[in-house]
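Fold and contact review
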Amino acid sequence: MKIPDDVVKKIATAKSIVFFTGAGVSAESGIPIFRGKDGIWNKLKPEELANFNAFLRNPEMVWEWYNHRKQIIHQSMPNQAHLSISEFQKYFPDVSVVTQNIDNLHRRAGSKTIYELHGNIERNYCINCGTFYNEELPFEGRVPKCKCGGLIRPDIVWFGEMLPEKEFSSAEKAISCCDIFFIIGTSAVVYPAASLIYAAKENDAFIIEINTEETEASKIANQSFRGKAGDILPEILNIVKEEISK
Ligand code: BV8
Ligand code: ZN
């Protein structure tokens, strides 16, 4: 894959880099994406599973689904895309990850500054008193209950729910002063997360999209690479390392 020299130079001289990621960055770890031909939303309706009323109506079904996804995630490893993003930290002073993913793979790959816009499947809390339960919870078809008797839910942002204020505002701050904004593996259709792409554009960041397909973000990217993140990111990192070592 040819990476234009001016793009290599732009990245190599960056002071601050933000990686904005979606489910596509974890696809090569074996974690299904949401939309598109093999997306999980095709079989399931998000409204039926990823929302609070669905949880109240049928907590066992929602827990079953998240437990199933957690098993897949626990059998998965960070892939070359996660590992390359983590390695960028060795060469640049200010690298942040803003992710829509709940799979914890950026953390497992060694990224340090991560803003999780939609929560994290490893965290759970009581809907009654807010107590957090972040260890593995037993689930034999019965939804785990808090000491206070309240139902415990995954700490994941469901449709119709607000995003965590601190994560979102910290992500906005990082984006407001980044030189390079990578958009990796996202269809850019879920708001308000997707609005951060336009904030990056507003702030004159150089926008680089990596996706196997054209997306909503493609039209505002300064440079788009079509292909798998696990192939493209290591290539970009290697050529930027060469440029830096000159
Ligand atoms: C809120 C957690 C209101 C659950 C998720 C109409 C217009 C605009 C907005 C709305 C609307 N109707 C409703 C809304 C609001 C709604 C929304 O945006 N809906 C969309 C679908 C239209 N948003 C909300 O409800 C949000 N809350 O608005 O609250 C409010 C306001 C004020 C006060 C109170 C309330 C909450 C949104 C969060 C929902 N939770 N997930 C769970 O995971 O179980 S969303 C879900 O989508 C995931 O978090 C996921 O991360 C996110 C985005 O999806 P992507 O990551 O982009 O994944 P996708 O499959 O779509 O795309 C993958 C991409 O990767 C593809 O492009 C593919 O080509 C590419 N790819 C594949 N393989 C690779 C690859 N790329 C590179 N390499 C590869 N190997
Ligand atoms: Zn409780």
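Within each chain, residue numbers correspond to sequence positions counted from 1 in written order. Going through the entries in the order they are written, you letter the chains from A and number the ligands from 1. In view of the model being predicted, local features appear only for residues whose pLDDT reaches at least 70, and side-chain atom pairs are presented and counted only at 80 or more, with totals across whole chains, interfaces and linings using the full set of residues. Hydrogen atoms and water are omitted, and side-chain values are computed over all heavy atoms in the structure.

Regarding the side chain of Thr99
Elements are defined by DSSP. Helices are runs of H or I of four residues or more, strands are runs of E of two residues or more, and each kind is numbered from the N terminus. With respect to the helices and strands, the residue Thr99 is situated in strand S2 (residues 94-99). We call two residues in contact when some of their heavy atoms are within 4.5 Å. The residues contacting Thr99, other than those within four sequence positions of it, are Thr21, His106, Ile114, Tyr115, Glu116, Leu117 and His118.

Some thoughts on the domain arrangement of the protein chain
An automatic or database domain assignment provides the domain bounds reported here. For the protein chain, the assigned domains read domain 1 (1-31 + 78-118 + 163-246) and domain 2 (32-75 + 121-156). For domain 1 versus domain 2, the separation of C-alpha centres amounts to 27 Å. Listed by partner, the interface residues are 15 residues for domain 1 and 14 residues for domain 2. Note on terms: buried area is the combined drop in 1.4 Å-probe accessible area of two parts once they are placed together, counting the loss on both. Of all residues in domain 1, Ala23, Ile31 and Ile102 bury the most surface against domain 2, accounting for 45% of the area lost on that side. One speaks of a salt bridge when a side-chain nitrogen belonging to Lys or Arg is within 4 Å of a carboxyl oxygen belonging to Asp or Glu. For the interface between domain 1 and domain 2, the tally reads 1 salt bridge. Across the pair Arg123 and Glu116 runs a salt bridge whose closest N-O atoms are separated by 3.1 Å.

Some points on the sheet that holds S2
On the basis of which strands lie adjacent, the open sheet formed by 6 strands has the order S3-S2-S1-S6-S7-S8 and parallel pairing. Whereas interior strands pair on both sides, the edge strands pair on one side only; in this sheet they are strand S3 (114-116) and strand S8 (223-226). Looking at each pair of strands side by side, their axes are set apart by 15° on average, direction ignored. Pairing of strand S1 (residues 16-21) with strand S6 (residues 180-184) involves 5 bridges; the strand directions are parallel. Residue pairing in the sheet places Phe19 in a bridge with Phe182 of S6. By definition, two strands form a pair when at least two bridges between them are found by DSSP. Axes here refer to lines fitted to C-alpha atoms; in helices the fit is confined to the stretch in contact. Angles between the N-to-C directions go from 0 to 180 degrees.

A closer look at the coordination of the zinc ion (ligand 2)
Distances define the donors: N, O and S atoms within 2.8 Å of the metal qualify, as do those within 3.2 Å of Na, K or Ca. Water is excluded, so some sites may look unfinished. The zinc ion (ligand 2) binds to the protein through Cys126 (SG), Cys129 (SG), Cys146 (SG) and Cys148 (SG); the donor distances cover 2.2 to 2.3 Å. What the 4 donor atoms of the zinc ion (ligand 2) show is an angle range of 104 to 122° at the metal, which sorts the shape as tetrahedral. All donors of the zinc ion (ligand 2) come from a single chain, and their spacing in sequence reads C-x2-C-x16-C-x1-C. Taken together, the residues Cys126 in strand S4 (residues 119-126) and Cys146 in the loop between S4 and strand S5 (152-156) connect sequence positions 20 residues apart. Only two sets of limits are used to name each site, 85 to 135 degrees for every angle of a tetrahedral four-donor site, and over 155 degrees for opposite donors with all other angles from 65 to 115 for a square planar four-donor or octahedral six-donor site, with any other site named irregular.

Description of the pairing of S2
With a 1.4 Å probe rolled over the protein chains alone, any residue whose accessible area is under 20% of its type maximum counts as buried; one over 50% counts as exposed, and the rest are partly exposed. Of all 6 residues making up S2, 5 are buried, and the element is well covered by its neighbours. As defined by bridge partners, S1 adjoins S2 across 6 bridges and the pair is classed as parallel. Directly across from Phe20, in S2, lies its bridge partner Val98. Where S2 lies against S3, 3 bridges are found, and the strand directions are parallel. Residue Thr99 lies in a different strand from S3, and its bridge partner there is Glu116.

Regarding the nonpolar core
Residues enter a nonpolar core if they are buried and are Ala, Val, Leu, Ile, Met, Phe, Trp, Tyr or Cys, with the set joined through side-chain atoms within 4.5 Å. Core analysis: the largest hydrophobic core is formed by 29 residues, its most contacted members being Ile11, Phe19, Phe88, Phe182 and Ile236. At 6 residues, the largest contribution of residues to this core is made by helix H10 (residues 229-245). Ignoring sequence-local partners within four residues, the contact set of Phe182 consists of Ile11, Ile17, Val18, Phe19, Phe20, Phe88, Ile208, Ile210 and Ile236.

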